[in-house]
Amino acid sequence: MAKNLPLKGIRVANFGWVWAGPVTGQTLAFLGAEVFKIESKTRIDLTRTLPPFGEGVPGPDRSLSNHACWAGNGSVTLNLKKPEAQEIARDLVAKCDVVVENFGPGVMEQLGCGYDVLKAVKPGIVMFSMPAAGLDGPLKGVRTYGLSLTSLTGLDSLTGYAGGPPIPVENAYSDPYNGILGAFPVIAALRHRDRTGQGQHIDYSQQEAVMHMVGPAFMDFAMNGRNAQPKGNRHPLGVAAPHGVFPCSDDDRWVSIAVITEDEWKRLKAAMSDPEWANDPRFESAADRVANIDDLHAKLAEWTAQYDDRDLAQRLQSAGVAAAPVFNVGDLLNDPHYRARGTYVEVTHPLGFKETIYGAYVKTSRTEAAVEPGPAIGQDNDRVFKEILGIPDDRYTQLVEDEVIY
Amino acid sequence: MSAGALEGIRVVELGQLVSAPYCAKLFADFGADVVKVEPLTGDVARQWGPFPDDEPHLEKSGLHLFMNTSKRSVTLDVRNDAGRSLFLDLISGADALIENNLPQQMRAWGLTYEEISTVNPNLVMISITPFGQNGPYSEWNGYDLNAYHLTGASSRYCGRPGEPPLEHGTFSAEYFGAAAAASWGLAAIYGRENAGGGQHVDVSCAEAIAAAFVGGQNIGAYAQDGKFDKRTGVGMSLGAPATILPCKDGHVWILCLETAQWNGLAKTMGDPEWMQLDIFQDMFSRAQNADAMYPLIEQWTMEHGKMEIMERCQANGVPVSAVFTVGEAAEHEHLQSRGYIVEQEHPVAGPIRNLGAPFKMPACPGGPQTPAPLLGQHNDEVYAELGKSAEEITQLRQSGAIG
């Protein structure tokens, strides 16, 4: 595991903010890239102000959720409202391979860092833009938060209880999804650059990327003109049952059970000691079970409700049935599986307090991912402005005084 | 056909349904040569549909047609000695193997990373499973549903209190795992010289979500303070309005957190008096009084259509959006103008519509190049590339090694 990380030698200027853009930077950083988030004390990112804070002390360098989501990104401060700061940002881009940003279309141009300018500064630059709905088209200026972006893809129309209205997902699933997937075109573009010398401006529409998640439902629309509706935890394509989340003995404890094959149905019946209801002809084939799913699920729920969720999952797994407890947030940190995989790690923030973040959620056998704490604002100013850009000490001091580096 | 960004990368897929096929599709749509290895009976996705007019047909399943664009298909039985040997021939010349079989299944087939890396030490093996290659649940039987609900995502973020936590209604965990696998896997291929060779990339769909989605927002707080939250059934409980409300012809996502947005919403709604009340002047106070506020907003939304509400709110700077049905999303002029919906001509299914590239790379464009392959369509072609003569191929077919 002593070998170099795959993206060693790649340098990234990350203008991303809030969540999706910083996660793209984080993904590249896990894989070995040197990533500098550009931010400013004149406009502290909203996510830096979200509680809870390290050791309970409020402050823009102490938000625990911000640190987990931004970890791996370095940080430099530039007040991009000032032309001099924009010039320094361009100088930094000239020393980078990749630029990441998730503003609305046109904002980078206003900051003096549009693609045309940057490619003149650094031929071969890979610029990765990830606006909500892409860089062009009638909805390019659409205002959404990550929370509601999914409404434009059809995904929200699928989420809810069977026969009921759409139920909102209460946080932006699309942000980390797009942040992680965004690294794929960036690396693909680096490969293209290495082979041809040609850079490019990647137009990553978060709407279009997330809409692939409704690909299976889209095909039903394309073929049959049908619009899928919320169906609870039932099989997305309606081909198998039982398929759902069933109550267990304690309050708000549930077990997920997915029976896909006939063999698994036999195993489930056996695990239940072959109750009479399970041998009802209405539940014989997958098609029968899907046709009578309400009754089937009600019967199964009566059975699961007698048991502890973890015990039941273990028992069903021993019988070969795909079943698992439904975890709440409090179950995660000390769960033996996530502990064994090192999913969460405690690190020491540059300001000295301990914080628990997630580590490498993908395990790589030859190279161990780089895990860093969340960045303190401006923690890499010296490295970037003095070492990489070679700004002399006296000018550096002046830039700080003038709140250009700020 | 332009050369894609990943032209020259050779990928073998030993996967079915969603996670591995979607990951491999990303490679294929952007120019990699992806050979999909199917059992003689085909990827189960071929049986899952949806089908035109609901008539099952192995070549007309929507799930298959979506997941497997731009790939070549061969059939091969890895349980058969000659079949396994052929599979090893395939991966000996490949850059990556993408698979989503449970670890004990790969072991039973004699296809662990240890065995595979002796055949091709430069190969990047990308394994995408519900729970990963190690840890107490790694050999659990599991599907998307089981993986998703093991992450805390549903308990925390979706469903009404007292009612079951919800998945999104698609294969969310498998997609998330596929996205992580694509980025980390491509990095391992691209950075092979840095890394000093191939490696095993182990993706757990559950872990990726438990880390990057749920963990990112919640784990620091839980580790420090021992407290955690659960789903509320409302879009956001700390700030309001932030939820989905019904309207005349469907639903809208009402989001209005900043003062300027609230004023924009008031303007759109014709400046009703109640919106001026003190208790509705900031998002926190509005959230505390949400039970009084949401019915008042709903009275207005019920009088208007979702597209009209979205258009008028957006014009006033309010981030309100319509909850598009899948069809409304697909047929929206925005996606039409961006060329997102593509037409393909499939030899059996006929003309089909598909979704285009999930991102645009102008210097080396991607997206579906060819429709999903027929079952075993490329057997002769691919096995000939491995140096098999027509006679040998016939023999392999007769022995049941290939279809």
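Sequence order as written defines the numbering, with residues in each chain counted from 1. Chain letters and ligand numbers both follow the written order, the letters beginning at A and the numbers at 1. For this predicted model, a pLDDT threshold of at least 70 governs which residues receive local features, and a threshold of 80 or more governs which side-chain atom pairs are given and counted, while totals over whole chains, interfaces and linings are taken from all residues. For side-chain calculations, the full set of non-hydrogen atoms in the structure is used, while hydrogens and water are omitted.

**A few points about the domain arrangement of chain A**
Which entries qualify depends on this criterion: Domain start and stop positions are those given by an automatic or database domain assignment.
The domains assigned to chain A are domain 1 (2-204 + 339-401) and domain 2 (243-247 + 254-325). Distance from the C-alpha centre of domain 1 of chain A to the C-alpha centre of domain 2 of chain A: 44 Å.

**Structural notes on the interface of chain A and chain B**
Rules: Should any heavy atoms of two residues lie within 4.5 Å, those residues are considered in contact. Put simply, a salt bridge is a Lys or Arg side-chain nitrogen that is within 4 Å of an Asp or Glu carboxyl oxygen. Pairs of N or O atoms within 3.5 Å make up the polar contacts considered here, provided that, within protein, one atom can donate a hydrogen while the other can accept it, and that residues adjacent in sequence are counted only when both atoms are side-chain atoms. Helix and strand assignments come from DSSP, with helices taken as H or I runs of at least 4 residues and strands as E runs of at least 2, each series counted from the N terminus. Amino acids are sorted into nonpolar (Ala, Val, Leu, Ile, Met, Phe, Trp, Tyr, Cys and Pro), charged (Asp, Glu, Lys and Arg) and polar (every other residue, Gly among them).
In this complex, chain A contributes 150 residues to the contact, which on the side of chain B involves 159 residues. If you look at where chain A meets chain B, you find 10 salt bridges. Linking chain A with chain B are 73 residue pairs in polar contact (both at pLDDT 80 or more), by the criterion used here. Counting residues per element, the side of chain A that touches chain B draws most heavily on helix H7 (residues 174-196) of chain A, at 16 residues. Within the side of chain A that touches chain B, the residues separate by chemical class into 82 nonpolar, 45 polar and 23 charged.

**Thoughts on the pattern of salt bridges**
Oppositely charged side chains may form a pair once their charged atoms are brought near each other. Our working definition: Summary of the burial criterion: residues with accessible area below 20% of their type's maximum are buried, those above 50% are exposed, and those between are partly exposed, where the area comes from a 1.4 Å probe applied to protein chains only.
Within this structure, the stated rule accounts for 51 salt bridges over all chains. Residue Arg226 of chain A pairs with Asp220 of chain A through a salt bridge whose shortest N-O separation is 3.0 Å. By relative accessible area, Asp220 of chain A is classed as buried at 15%. Linking Arg72 of chain B and Glu385 of chain B is a salt bridge whose minimum nitrogen-to-oxygen distance equals 2.9 Å. With a gap of 313 residues between them, Arg72 of chain B in strand S3 (residues 72-75) and Glu385 of chain B in helix H18 (residues 379-385) connect regions that are remote in the sequence. A relative accessible area of 13% places Arg72 of chain B in the buried class. Via salt bridges that share partners, Arg253, Asp309, Arg310, Asp331 and Asp335 of chain A belong to a single interconnected network.

**Observations concerning the packing of H7 of chain A against helix H9 (residues 172-190) of chain B**
The test is simple: Where helices are involved, their axes are fitted lines through C-alpha atoms of the stretch in contact, as for all axes, and angles between N-to-C directions lie from 0 to 180°. Roughly parallel means an angle under 35 degrees; roughly antiparallel, over 145; roughly perpendicular, 65 to 115; everything else is oblique. Each helix crossing is assigned a hand: it is left-handed if the near helix lies turned anticlockwise from the far helix by less than a right angle, otherwise right-handed if that turn is clockwise.
At a minimum axis distance of 9 Å, the contact between H7 of chain A and H9 of chain B shows a crossing angle of 25°. Regarding the angle of H7 of chain A to H9 of chain B, the classification is roughly parallel. The crossing of H7 of chain A and H9 of chain B is left-handed. Residues Pro176, Tyr177, Ile180, Leu181, Ala183, Phe184, Ile187, Ala188, Leu190, Arg191, Arg193 and Asp194 of chain A of H7 of chain A form the contact with H9 of chain B, whose participating residues are Tyr175, Phe176, Ala179, Ala180, Ala182, Ser183, Leu186, Ala187 and Tyr190 of chain B. A per-class count over the contact of H7 of chain A with H9 of chain B returns 17 nonpolar, 1 polar and 3 charged.

**Things to note about the packing of H9 of chain B against helix H11 (residues 205-225) of chain B**
All names here are of chain B. Packing of H9 against H11 brings their axes to within 8 Å, and their N-to-C directions diverge by 80°. Taken together, the axes of H9 and H11 lie roughly perpendicular to each other. For the pair formed by H9 and H11, the contact residues are Ser172, Ala173, Glu174, Phe176 and Gly177 on the first element and Cys205, Ala208, Ile209, Ala212 and Phe213 on the second. Its residues assigned to classes, the contact of H9 with H11 shows 7 nonpolar, 2 polar and 1 charged.

**A closer look at the side chain of Asp144 of chain B**
Note the threshold: Charged-residue counts in this description rest on Lys and Arg as positive and Asp and Glu as negative, His and the chain ends being excluded.
As for its placement among the helices and strands, Asp144 of chain B is situated in helix H7 (residues 144-149). Buried charged residue Asp144 of chain B carries no salt bridge. Nearest counter-charge: Lys231 of chain A, at 12 Å.

**A few points about the packing of aromatic side chains**
Cut-off, in case you're wondering: Pairing of aromatic side chains requires ring centres within 6.5 Å, counting the rings of Phe and Tyr and the six-membered ring of Trp. Pairs whose planes differ by under 30 degrees are stacked, by over 60 edge-to-face, and all others tilted.
In this structure the tally under the stated criterion is 29 aromatic pairs over all chains. Considering the side-chain rings of Tyr177 of chain A and Phe176 of chain B, the 6.0 Å spacing of their centres and the 55° angle between planes classify their relative orientation as tilted. Of the two residues, Tyr177 of chain A sits in helix H7 while Phe176 of chain B sits in helix H9, which places them in two different chains. Assessed through its relative accessible area of 1%, Tyr177 of chain A is described here as buried.

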